[in-house]
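Structural description and commentary
Each chain, letter by letter, is given below.
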Protein chains: 2
Amino acid sequence: MSGRTVCFVSDRTGLTAETLGHSLLSQFGGLEARTVTMPFVTSVQDAHGVVARINEIARRDGERPIVLSTLVDDAIRGIVHGADAFVLDFFDAFLAPLEAELGRPSAHVSGLGMHSWAGDAAHSDRVAATNYALANDDGAGQRDYRNADVILVGVSRSGKTPTSLYMALQYGIRAANVPLLEEDFEQRELPRELQPYRNKLFGLTVRPARLQQIRQERRPGSRYASAGQVEFEVRSALDLMARNQIPWIDVTECSVEEIASRILDRMKLARHIRA
Amino acid sequence: MSGRTVCFVSDRTGLTAETLGHSLLSQFGGLEARTVTMPFVTSVQDAHGVVARINEIARRDGERPIVLSTLVDDAIRGIVHGADAFVLDFFDAFLAPLEAELGRPSAHVSGLGMHSWAGDAAHSDRVAATNYALANDDGAGQRDYRNADVILVGVSRSGKTPTSLYMALQYGIRAANVPLLEEDFEQRELPRELQPYRNKLFGLTVRPARLQQIRQERRPGSRYASAGQVEFEVRSALDLMARNQIPWIDVTECSVEEIASRILDRMKLARHIRA
């Protein structure tokens, strides 16, 4: 299938089609497909434009593209089905069975259920949570741990900041993060300011060899990036977590999405924006 | 359908099932469904646990739950299909047609194509882009505009920071952001340091009434949050963008996902992590 193109076509952002598509395509190993996202296809005119682009790709590739689409509007979907392509539409597959199960018709209107910047509680939650994560990053700033949903702890470069921000943006979760430092390991105690919030703590750890590599990129040849230092810190952090019964995960093989999802699951946190 | 529960069941994070599910459910207006996410269902034992939970929900609700699942493994999917529920599985619907089109079987193995924290270029891109966004936020810090993929401009509280972070985490895009300030409006010129990078600029704007509300929450009764000031800033920013031919969008009705996706589309930016 080298030379084949996969098109993600959507009446909204295309994110759902992309996510679905990558899940599906990952099941066909060694596949080298080009991908093209065509978002915001909301009118009959847009749909004809998409068909022209798809047909052009088919001519260029000498093989019909695969189109994975999320198009709610019947007329627009009908037009895209007319392209020289193999089209799988998500609403085609799922809306009819769900209508039958629920015993009522669906709206077939695009853009329902989106969060908006304006006056939307779910959206405000996400922005507030992002501001919270930024203001409570790396054990600095506000240190407003009373209002945290979760407080991530771990050694430097264990992924605390991206995870905090992702949890805020994706789920509206208020995640603070605090580094575990040499002084904490020497005292064999949690940072004092975290002790009242022990039940909100969650640990991240990384395999020493990988962490050393990450730190080497940042500060080549430093003590901070040395094998001995990295091993000492990782071992001491795990020891601290064990003695304080802090749940933790090894993020070495995890994506940011997976780290976030595992934390929500383990800490029984509600997905604010998805409820 | 009040009282009905929707379960998102997945062998990974559950994000795809949640996204799909909310797209679908939004088509059934006025629906008040509880949602439960059951992620990381990776063994036969997990699957039996999920079935027990679903059956318990069915008993409690007096109505069978709707299960939207993304389960690659045939054995696990088979077990979940045995629950007292209406089950729609994404791989059930799409893998077989795609196998037929591609003329080869798929792997049916969970977790392929995930990005991992370790040694994965796509993941490193996202972390590097997140660090970039944090270091180049609000016109401060590094001001490393040479390495920006895009530079967001707009008045205070127009959504620049969450959008920059989202673009980094979701797409590995390096987005800096710079506020447009009173001095820029007085001089009727872009900040000098942005002038060499005019073709990377993208503007965000918000309707004055909504922006005033957002600023009121932040600094009640201030000049910053006054109707006159907000209207002046929004008008001046739009004027500056128009005279400099900077593309822009009104984010008042947009989610963060939608803002990011529209920027990628308009600026023809490659989705680093999705390619």
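Residues numbered from 1 in each chain as written. Chains lettered and ligands numbered in written order. Predicted model: local features only at pLDDT ≥ 70, side-chain atom pairs only at ≥ 80, totals over all residues.

**So, the overall build of chain A**
When helices and strands are counted, chain A shows 10 helices and eight strands. On C-alpha atoms alone, chain A measures out to a radius of gyration of 24 Å, which is more than a quarter above the 19 Å that the 2.2 N^0.38 rule sets for 275 residues. Principal-axis analysis of the C-alpha atoms gives chain A an extent of 70 × 45 × 30 Å. Scored against the burial criterion, the 275 residues of chain A give a buried share of 47%. (Helix = DSSP H or I, 4+ residues; strand = E, 2+ residues; numbered from the N terminus. Rg over C-alpha atoms; globule rule 2.2 N^0.38 Å. Buried ≥ 20, exposed ≤ 12 C-beta atoms within 10 Å, placed from the backbone.)

**Here's the deal with the pairing of strand β1 (residues 5–10) of chain B**
All names here are of chain B. With respect to burial, β1 is a largely interior element, six of its six residues being buried. Neither face of β1 is open: one carries Thr5, Cys7 and Val9, the other Val6, Phe8 and Ser10, and all of them are buried. Two elements, β1 and strand β2 (residues 34–38), share five bridges in a ladder whose sense is parallel. In the strand pairing of β2, Thr5 is matched with Arg34. Across five bridges, the pairing between β1 and strand β3 (residues 66–70) is parallel. Each bridged residue has a counterpart across the sheet, and for Val9 the counterpart in β3 is Ser69. (Pairing = 2+ DSSP bridges.)

**Focus on the relation of the copies chain A and chain B**
Relating one copy of the chain to the other takes a rotation about an axis and a shift parallel to that axis. Mapping chain A onto chain B calls for a rotation angle of 180 degrees and an axial translation of 0.0 Å; the resulting RMSD is 0.0 Å. Those values place the two copies in the arrangement expected of a two-fold rotation axis. Mapped onto chain B, 100% of the interface residues of chain A are again interface residues, and the two copies thus contact each other with one and the same surface. (Least-squares fit on C-alpha atoms with pLDDT ≥ 70 in both. Contact = placed C-beta atoms within 7 Å.)

**Digging into the interface of chain A and chain B**
Contact with chain A, which involves 68 residues of that partner, is made by 68 residues of chain B. Those elements that place two or more of their residues in the side of chain A that touches chain B are α1 (15–25), β2 (34–38), β3 (66–70), β4 (86–89), α4 (90–102), α5 (121–135), α6 (160–171) and α10 (256–267) of chain A. Its residues placed into classes, the side of chain A that touches chain B shows 33 nonpolar, 23 polar and 12 charged. (Nonpolar A, V, L, I, M, F, W, Y, C, P; charged D, E, K, R; others polar.)

**With respect to the confidence of the model for chain A**
Residues and elements named next belong to chain A. Summary statistics for chain A give a mean pLDDT of 90 and a share of 93% for residues scoring 70 or more. Predicted confidence is poor over residues 115–119, with pLDDT under 50, and the contacts of this stretch with residues over four places away or in other chains come to 19 contacts. Model confidence for the complex is summarised by a pTM of 0.86, with the ipTM given as 0.84. (pLDDT = per-residue confidence, 0-100.)

**Here we look at the sheet that holds strand β5 (residues 150–154) of chain A**
All names here are of chain A. If you walk across this open sheet you meet the four strands as β6-β5-β7-β8, and the pairing is parallel. Where the open sheet ends on each side, the last strands, each with one partner, are β6 (175–179) and β8 (248–250). Between one strand and the next, the sheet's axes are offset by a mean angle of 25 degrees, whatever the strand orientation. Contacts between α6 and the sheet are confined to β5, β6 and β7 (201–205), with β6 contributing the most and set at about 175 degrees to the helix. (Axes fitted to C-alpha atoms, helices over the stretch in contact; angles between N-to-C directions.)

**What about unusual backbone geometry?**
The backbone phi angle of Asp138 of chain A is positive, close to 60 degrees, even though this residue is not glycine. Mapping Asp138 of chain A onto the fold places it in the loop between α5 and β5. With 13 C-beta atoms counted inside 10 Å, the residue Asp138 of chain A sits in the partly exposed group. Despite not being glycine, Arg143 of chain B has its phi angle at roughly 50 degrees, a positive value. You can see Arg143 of chain B is positioned in the loop between α5 (121–135) and β5 (150–154).

**A closer look at the packing of helix α2 (residues 44–61) of chain A against helix α3 (residues 74–81) of chain A**
All names here are of chain A. Axis separation between α2 and α3 bottoms out at 9 Å; the angle between their running directions is 15 degrees. Taken together, the axes of α2 and α3 lie roughly parallel to each other. For the pair α2 and α3, the sense of crossing is right-handed. Here α2 contributes Val44, Ala47, His48, Val50 and Val51 to the contact with α3, which in turn contributes Ala75, Ile76, Ile79 and Val80. (Parallel < 35°, antiparallel > 145°, perpendicular 65-115°, else oblique. Left-handed = near helix turned anticlockwise from the far one by under 90°.)

**A short note on the pairing of strand β4 (residues 86–89) of chain B**
Residues and elements named next belong to chain B. Across four bridges, the pairing between β3 and β4 is parallel. Opposite Leu68, over in β4, you have Leu88 as the bridge partner. In this fold, β3 hands off to helix α3 (residues 74–81), which returns the chain to β4; that crossover is right-handed. (Right-handed = clockwise from strand over helix to strand, strands pointing away.)

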